[in-house]
Amino acid sequence: MSIKFNQNTQTFYLEGKNISYVFRINEVGFAEHLYFGKTIGEDEISYLRCFGGRSCVPTVPGKDGFFYSHYAPEISFFGTGDYREPTVCVTNDLGDRLCELLYESYEIVPEKPAIKGMPSLKGGETLVLHLLDKITGFGADLYYTVYDDCPVIARRIVYKNNSKKTIRLDRAYSFALSIPKSDFVCLTLEGAWGCERHIQKAPMHKGVVSIDSKRTSSSAVLNPFMALLSPDATEESGEAIGVNLVYSSSFVLKAEGSPDGKTLLLGGINDFDFSWELGAGEEFATPEAVIAYSDNGIGQMSRAFHDAYRKYLINPNFVNKERPIVINNWEGTYFDFDNDKLKSIAKAVEGTGIDTFVLDDGWFGKRNDDSSGLGDWVVNTRKLEGGLKTIIDYVHSLGMKFGLWFEPEMVNEDSDLFRAHPDYAIGVPNRARCYTRHQYMLDLTRQEVRDYIVEAINKVLKENEIDYVKWDYNRNVTESFSLGLSASSQKEFAHRYVLGVYDICERIVGANPHIFFEGCSSGGARFDPAMLYYFPQIWTSDDSDAEERTKIQYGTSMVYPLSTMSCHVSIVPNHQTHRVTDVKTRADIAHLGATGYELDTSDFGDEQRLETKAQVEEFRAMQNLVLSGDLYRIENPFESNFFGFMVVSKDKTRADLTLYRRLTGANNRIKLVFPKGLDETKKYYIPEMDKTLCGSTIMNAGLVPEFELGDFKTVKYHFIEK
């Protein structure tokens, strides 16, 4: 990793693992992008400037020979002749929207600064570029961090009001990346409840390709991730440039194809329904964007994100630690349980290796269905005699850990909290609120509301021996309004809400460092890097059907590591699809993440207990691969009848391959699969075949998997260095 500045050419050279990022300060004073890609030398490369067309293109004020189309911006701005998507829009005290951010100075700091109030990657040496509009005093500090062990660059911007007058930000994106071509395929992750993060591809075109969320949440509908792929890109070849926002509220990502064949990739906080008053001397920090580059296909891009998040984002106390293998009572009981029922579920898995019992929704307040009780974090002793202590002590007596469900950000109208403080719920006075799942959202922009949540949750955690927390979030904001904000500040709501989320996470997760926290959002509707900063794993989807999960987990793996995906073996017929798959298939797919069980085990017989024990032992044997191995996607379930993930240890001494066939046929054709990621020169023993083969043979000649007859079947292969 290195960051250098050539004073003679005014060029910055940033070098990370296998990548170079180069830009210069041009003759006008703009930060002009020159190169992002595979490692190059520290040569003078201003000849790469793309001149483009000049017809109807304004010149830079005072520079008649310099056209805006001549340069590729590190930050773009509106109103002075640049017609590209602006990175920032600002309204000055006169009402004009002009801005011209020119180079002032730079500094290279030895340690990457944290962002106040927001999660971000950790890191080392960081370039800070100081830009200033000399007329208004509006400034921007551009942050760049590269890594010597991950081909990613972390970028963000801090906007500054250096004047003595208030200005207004109408757009405050985190980055802009100029790319000197536009023949890309745009890959994004779309979805909905129960089918989160499905692959979506569309060709780039002239104009703007855009994805966003207006939900005050990163959302199940569109994940804050976009990749630009060369037209020939596959898992193993071609270029891929991916960007992922470390942010959990309304966002936007855009790729603009310009008339002269360039692309401008940019984004950050969604500027829809956004503005921010910036008083004299104040700053506004944007969320971080993580940008990955690969010249060896989509798979290498994904592994870059996986490594960056495991090394620099996820809590180091848990990232590589053995994960809890849970039995969760939700699909086994829903709200209908008592101590005896819970004890029978826990007792049934004694000795199987399942090590954590998680009590889900329904343990608090007047909570016998989803219409009441949210916000009242007091144990329902009518349902649980003796309080939580009775079931906690019993679970601990079995040698298991105890976990508990919360939904801290929500409130039911039928709750003691709402009756006492109806103003705590988000809503506009004299207007009826929207219901989702019979619940409202608490206004986390307000300090007193956050204080109530933190005090109530921490009280339960302090008074009980709790080892694991499932933190749920079952709806999105509708009425974006706060009684705590002035009329002129209401468009700050979405960003202030998520700052409130991060605040209560800091104060609850931080106050309980011994507890393992898992995120949930009506499934995987808030699956983003910022939440992974607090929660080492997230419930990937409420849809636990093995067939559906092949697509969900495949799409999620585009940017998020297997270790972050919470994946359970659930009951059949499946509660979301009514599909029946055998328990081996359900377990094999669930083992490609942080595994667990979600069903009523109280009627388990000896055979089911032995089968569960074998599954848990198998997962424990491969868990280190899930936590820290390299993922290779072998078969794409969106494009074929098959799904396949191969996970390889970093030292390439062992690997596991899981293959799945959706539908069988009466006269199936031969299916060859080609494992990846092994060392070509090593010999590997494959116990399922009782053969020892060279890595080169395995990867180039392939394997012929032997599936059992029937639909929805899996087969696994293990590769052990000899």
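Just above, that's the structure.
Calculation criteria
Residues numbered from 1 in each chain as written. Predicted model: local features only at pLDDT ≥ 70, side-chain atom pairs only at ≥ 80, totals over all residues. Heavy atoms only, no water. Helix = DSSP H or I, 4+ residues; strand = E, 2+ residues; numbered from the N terminus. Rg over C-alpha atoms; globule rule 2.2 N^0.38 Å. Areas by Shrake-Rupley, 256 points an atom, 1.4 Å probe, with all protein chains shown as cover. Lys, Arg positive; Asp, Glu negative; His and termini not counted. Charge placed at Lys NZ, Arg CZ, Asp CG, Glu CD. Phe/Tyr/Trp six-rings, centres within 6.5 Å; stacked < 30°, edge-to-face > 60°. Buried < 20%, exposed > 50% of the residue type's maximum accessible area, 1.4 Å probe, protein only. Lys NZ or Arg CZ within 6 Å of the ring centre and 35° of its normal. Core = buried A, V, L, I, M, F, W, Y, C linked by side-chain atoms within 4.5 Å. Pairing = 2+ DSSP bridges. Axes fitted to C-alpha atoms, helices over the stretch in contact; angles between N-to-C directions. Salt bridge = Lys/Arg side-chain N within 4 Å of Asp/Glu carboxyl O. Contact = heavy atoms within 4.5 Å. Polar contact = N/O pair within 3.5 Å; in protein donor to acceptor, adjacent residues only side chain to side chain. Patch = residues over 30% accessible without salt bridge, like charges linked within 9 Å, V, L, I, M, F, W, Y side chains within 5 Å. Parallel < 35°, antiparallel > 145°, perpendicular 65-115°, else oblique. Left-handed = near helix turned anticlockwise from the far one by under 90°. Nonpolar A, V, L, I, M, F, W, Y, C, P; charged D, E, K, R; others polar. Expected span 1.5 Å × (residues − 1).

Chemist: Please explain the overall build of the protein as it appears in this structure.
Modeler: Looking only at helices and strands, the protein has twelve helices and 38 strands in total. For a compact globule of 722 residues, the expected C-alpha radius of gyration is about 27 Å, and the protein comes in at 27 Å, within 12% of that figure. Of the roughly 26600 Å² of accessible surface on the protein, a fraction of 50% belongs to carbon and sulfur atoms. The protein carries 79 positive and 102 negative side-chain charges, and their two centres are separated by 1 Å.

Chemist: Hey, could you run me through the packing of aromatic side chains in this one?
Modeler: For any pair of aromatic rings, the description consists of the separation of the ring centres together with the inter-plane angle of the planes. Within this structure, the stated rule accounts for 40 aromatic pairs. Consider the rings of Phe-364 and Trp-405, whose centres lie 6.0 Å apart with planes at 10°: the pair is stacked. One end of the pair, Phe-364, is in the loop between β24 (356-359) and α4 (388-397); the other, Trp-405, is in strand β25 (residues 401-406), with 41 residues separating them in the sequence. Overall, the relative accessible area of 1% leaves Trp-405 in the buried class. Aromatic ring contacts, followed pair by pair, group Phe-5, Phe-12, Tyr-21, Phe-23, Phe-36, Tyr-106, Tyr-144 and Tyr-293 into a single cluster. For Arg-156, the ring lying beneath its charged end belongs to Tyr-143, and the centroid distance is 3.9 Å. Sitting over the face of the ring of Tyr-440, Arg-433 holds its NZ or CZ atom 5.2 Å from the ring centroid.

Chemist: Any chance you could explain the nonpolar core here in plain terms?
Modeler: One recurring pattern in soluble globular proteins: nonpolar side chains tend to sit buried together. Judged by nonpolar contacts, the single largest core of 184 residues is most densely connected at Leu-169 and Phe-357. No other element matches helix α7 (residues 493-509), which puts nine residues into this core.

Chemist: Would you mind going over the sheet that holds strand β4 (residues 31-38) with me for this structure?
Modeler: In a beta sheet, neighbouring strands are held together by backbone hydrogen bonds and run either parallel or antiparallel to one another. An order of β1-β2-β3-β4 is seen for the four strands of this open sheet, with the pairing classed as antiparallel. Every interior strand has two partners, whereas the edge strands, β1 (2-6) and β4, have only one. Neighbour-to-neighbour, the strand axes of the sheet open up by a mean angle of 15°, direction not taken into account. Across seven bridges, strand β3 (residues 19-25) lies against β4 in antiparallel orientation. What sits directly across from Tyr-21, in β4, is Phe-36.

Chemist: I would appreciate a short explanation of the pattern of salt bridges in the present structure.
Modeler: Opposite charge on two side chains allows them to pair when their charged atoms are near. Considering all chains together, one arrives at 53 salt bridges under this definition. The closest approach of N and O atoms between Lys-341 and Asp-600, which form a salt bridge, is 2.6 Å. On the criterion of sequence distance, the pair formed by Lys-341 in helix α3 (residues 339-348) and Asp-600 in the loop between β32 (594-598) and α11 (606-628) is long-range, its members being 259 residues apart. Residue Glu-618 pairs with Lys-716 through a salt bridge whose shortest N-O separation is 3.2 Å. Linking Glu-618 in helix α11 with Lys-716 in strand β38 (residues 713-721), this pair joins segments that are 98 residues apart in sequence. In this structure Glu-618 comes out as partly exposed when scored by relative accessible area, which is 27%.

Chemist: In this structure, what is going on with the sheet that holds β32? I would like to understand it.
Modeler: Read around the barrel, eight strands follow the order β23-β24-β25-β28-β29-β30-β31-β32 and close on themselves; strand pairing throughout is parallel. Averaged over all pairs of adjacent strands, the angle between their axes in this sheet comes to 30°, without regard to strand direction. Summarising the sheet, β24 and β25 pair through four bridges and their orientation is parallel. Across the sheet, the residue bridging to Leu-359 is Leu-404, located in β25. Against the sheet, helix α6 (residues 447-463) contacts β25, β28 (468-471) and β29 (516-519), and its axis sits at roughly 165° relative to β25.

Chemist: Explanation requested: the environment of Tyr-660 in the structure shown.
Modeler: Its location among the elements puts Tyr-660 in strand β35 (residues 654-661). Each residue touching Tyr-660, except ones within four places of it in the same chain, is listed here: Glu-547, Thr-550, Thr-585, Ile-589, Asn-641, Phe-642, Phe-643, Phe-707, Phe-712, Lys-713 and Thr-714. A distance of 2.5 Å separates the side chain of Tyr-660 from the side chain of Glu-547, its partner in a polar contact.

Chemist: Looking at this structure, how should I read the side chain of Thr-216?
Modeler: Summarising the element assignment, Thr-216 is placed in the loop between β15 (207-212) and β16 (222-229). Of the residues examined, Thr-216 reaches a relative accessible area of 3% and is grouped as buried. Discounting chain neighbours no more than four positions away, the residues touching Thr-216 are Ser-248, Ser-249, Ser-250, Tyr-473, Val-477, Ser-480, Phe-493, Ala-494 and Tyr-497.

Chemist: It is not clear to me how a negative patch on the surface should be interpreted in this structure. Could you clarify?
Modeler: A surface patch of negative charge is lined by Asp-336, Asp-338, Asp-340 and Glu-385. Positionally, Asp-340 belongs in helix α3.

Chemist: Just checking my understanding: could you explain a nonpolar patch on the surface for this structure?
Modeler: There is a patch of nonpolar side chains on the surface, built from Ile-670, Leu-672, Phe-674 and Val-704 and spanning about 400 Å² of accessible area. On the secondary structure map, Val-704 appears in the loop between α12 (695-701) and β38.

Chemist: Sorry if this is basic, but what is going on with the packing of helix α10 (residues 583-590) against α11 here?
Modeler: Helix packing for two helices is described by the angle between their axes and how far apart those axes are. At a minimum axis distance of 11 Å, the contact between α10 and α11 shows a crossing angle of 25°. On the basis of their axis angle, the class for α10 and α11 is roughly parallel. Crossing of α10 over α11 shows right-handed handedness. Residue-level contacts link Val-583, Lys-584, Ala-587 and Asp-588 of α10 to Glu-611, Gln-615 and Glu-618 of α11. For the contact of α10 with α11, a count of residues per class yields two nonpolar, one polar and four charged.

Chemist: Teacher, can you tell me more about α7 here?
Modeler: Owing to its 3.6 residues per turn, the α-helix aligns residues three or four sequence positions apart on the same side. Relative to the 24 Å expected for 17 residues at 1.5 Å per residue, α7 spans 24 Å between its end C-alpha atoms, a close match to the ideal helical length. With respect to burial, α7 is a largely interior element, twelve of its 17 residues being buried. Among all positions of α7, only Phe-493, Ala-494, His-495, Tyr-497, Val-498, Gly-500, Val-501, Tyr-502, Ile-504, Cys-505, Ile-508 and Val-509 are buried.

Chemist: It is not clear to me how α10 should be interpreted in this structure. Could you clarify?
Modeler: α10 sits mainly inside the fold: six of its eight residues count as buried. Along α10, the positions that sit buried rather than exposed are Thr-585, Arg-586, Ala-587, Asp-588, Ile-589 and Ala-590. Its side-chain oxygen 3.2 Å from the backbone nitrogen of Lys-584, Asp-582 forms the N-cap of α10.

Chemist: Just to check I follow, could you spell out the pairing of strand β9 (residues 126-132) for this structure?
Modeler: In summary, the side chains of a regular strand alternate between the two faces of the sheet. Among the seven residues that make up β9, seven are buried, leaving the element largely enclosed by the rest of the structure. The alternating pattern of β9 places Thr-126, Val-128, His-130 and Leu-132 on one face and Leu-127, Leu-129 and Leu-131 on the opposite face, and all of these are buried. In terms of strand pairing, strand β8 (residues 102-109) meets β9 through seven bridges, oriented antiparallel. Across the sheet, the residue bridging to Tyr-106 is Leu-129, located in β9.

Chemist: Even after reading the chapter, I still don't get the pairing of strand β12 (residues 167-179), so can you show me in this structure?
Modeler: The buried fraction of β12 amounts to eleven of the 13 residues, a majority that puts the element mostly inside the structure. Summarising the sheet, strand β7 (residues 88-91) and β12 pair through four bridges and their orientation is antiparallel. Bridged to Val-88 within β12 is Ala-172. Direction of pairing for β12 relative to strand β20 (residues 276-278): antiparallel, over a ladder of three bridges.

Chemist: Mind showing me how you'd approach the packing of α3 against α4 here?
Modeler: Closest axis-to-axis distance for the α3/α4 pair is 10 Å, and the angle between their directions is 15°. Between α3 and α4, the angle is such that the two are roughly parallel. Handedness of the crossing formed by α3 with α4: right-handed. Residues Asn-339, Leu-342, Lys-343, Ala-346 and Lys-347 of α3 form the contact with α4, whose participating residues are Thr-390, Ile-391, Tyr-394 and Val-395. For the contact of α3 with α4, the residue count by class is five nonpolar, two polar and two charged.

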